Amino acid sequence: MALRSMLFVPADSERKLAKGLGSPADALILDLEDAVAPAHKAAARGSATAFIAEHAARLQTQLYVRINPLDSGLAMQDLAAVVVPGLAGIMLPKTRSADDIRRVAFCLDALEARAGIAPGTVRIVPVATETAQAMLTMASYTRDVPRLAGITWGAEDLSAAIGAISNRDADGSLSPLYTLANSMCLCAAAAAGVPAIDTLYADFRDAAGLVASCAVSRRRGFAGRIAIHPDQVAVINEAFSPSEAELAHARRVVEAFAAQPDAGTVGLDGAMLDMPHLKQARRTLGLEG
Ligand code: COA
Ligand code: MG
């Protein structure tokens, strides 16, 4: 299922939860982690669970929950509460390597059985670059990692982990460590055969900036993006959907190869096309992942 836009909704806010119901986001991420203060963690957990139980069945939007990190002492309580029918997936923050995914997947095996959910239903999206160790274990993402629905990355927690004063250089551009994290997310997702989901665009009042940033992101290979404010969702959906012109071109590429089934390369409009172009065109048309 598409994950063009994933909107974070702090699960301790009834108002934001209500607003999330009307959002065209492909997924809502009911947040139990950083958007929720320690004193509100338990209440947020209850609200997220009740929200899924009440609304999942009639929503198009997939419902994910961002649990607390595995080493927080809260993750198991989070998981035990939120695995109810209708839960689409878990976002796992501060993932250290694919071993963390396997651990959560193992817990989900049991929790799904308890909840009467078909095995393997609940997917996992790790935030894969939030710790220093995670940056050194990105090679652990392969097609053997269970339950993966996508991989995303973050620049904020990593800079805190490193002890950086900022994740930006003096000219405002991302420092090399964080452009590396962005690129590693793309590679890890491709290696695992799942979509790469770009990190948030913090300035949620700057729609033009978001449009420009999403265009860059999509060119680089991201398939979707995190949103932190409802106003960002339509922009992101649009940016990560193929345009009519792209669809038309992709159809022509597929047709050109279909017309010459034995050819490894074909010519179209004076350009040479080979298998990577066909793969890209089929992906644009939704014919392969
Ligand atoms: N999900 C659902 N509804 C949201 C929302 C969100 N992420 N962000 C804002 N809204 C709602 C507001 O409640 C408000 O609704 P209302 O008119 O019914 O009260 C409306 O959208 C407009 O909000 P606005 O006044 O523009 O923003 P704000 O100042 O209330 O909130 C933030 C700004 C950044 C605090 C808020 O967008 C937010 O909480 N974002 C998510 C943060 C998060 O989850 N971070 C963790 C991941 S990094
Ligand atoms: Mg964080």
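Small disclaimer: the values here were computed from a predicted structure and weren't measured.

So, the coordination of the magnesium ion (ligand 2)
Coordination of the magnesium ion (ligand 2) by the protein is provided by Asp 34 (OD) and Asp 157 (OD), with metal-donor distances spanning 2.0 to 2.1 Å. Note that Asp 34 is positioned in the loop between β2 (27-31) and α2 (41-55) and Asp 157 in helix α6 (residues 156-162), a separation of 123 residues in sequence. A residue is classified by how much of its surface remains accessible, and Asp 34, at 48% relative accessible area, is partly exposed.

Focus on the pattern of salt bridges
A complete count under the given rule lists 15 salt bridges for this structure. Between Arg 282 and Glu 288 there is a salt bridge whose closest N-O contact spans 3.0 Å. On the basis of relative accessible area, Arg 282 is assigned to the partly exposed category, the value being 28%. Glu 288 sits in the partly exposed class, given a relative accessible area of 26%. Through salt bridges with shared partners, a single network forms among Asp 31, Glu 33, Asp 34, Arg 66, Lys 94 and Asp 157.

Quick word on the nonpolar core
Leu 30, Tyr 141 and Ile 151 are the most contacted members of the largest nonpolar core, which totals 66 residues. Once you skip the residues sitting within four places of it in the chain, Ile 151 turns out to touch Val 125, Pro 126, Ala 128, Tyr 141, Cys 185, Ala 188, Ala 189, Ala 192, Val 194, Pro 195, Ala 196 and Ile 197. With 13 residues, the next largest nonpolar core counts Met 6, Phe 8, Met 91 and Ile 226 among its residues.

Notes on the sheet that holds strand β8 (residues 224-227)
Spatially, the 8 strands line up as an open sheet ordered β5-β4-β3-β2-β1-β8-β7-β6, and their pairing is parallel. The sheet terminates laterally at β5 (123-126) and β6 (151-152), the two strands that pair on one side only. Two elements, strand β4 (residues 87-92) and β5, share 4 bridges in a ladder whose sense is parallel. Looking across to β5, one finds that Leu 92 is bridged to Pro 126. Running at roughly 155° to β5, helix α4 (residues 98-115) makes contact with β4 and β5 of the sheet.

Conventions we followed
Residues numbered from 1 in each chain as written. Chains lettered and ligands numbered in written order. Predicted model: local features only at pLDDT ≥ 70, side-chain atom pairs only at ≥ 80, totals over all residues. Heavy atoms only, no water. Donors = N, O, S within 2.8 Å, 3.2 Å for Na, K, Ca; no water. Helix = DSSP H or I, 4+ residues; strand = E, 2+ residues; numbered from the N terminus. Buried < 20%, exposed > 50% of the residue type's maximum accessible area, 1.4 Å probe, protein only. Salt bridge = Lys/Arg side-chain N within 4 Å of Asp/Glu carboxyl O. Core = buried A, V, L, I, M, F, W, Y, C linked by side-chain atoms within 4.5 Å. Contact = heavy atoms within 4.5 Å. Pairing = 2+ DSSP bridges. Axes fitted to C-alpha atoms, helices over the stretch in contact; angles between N-to-C directions.

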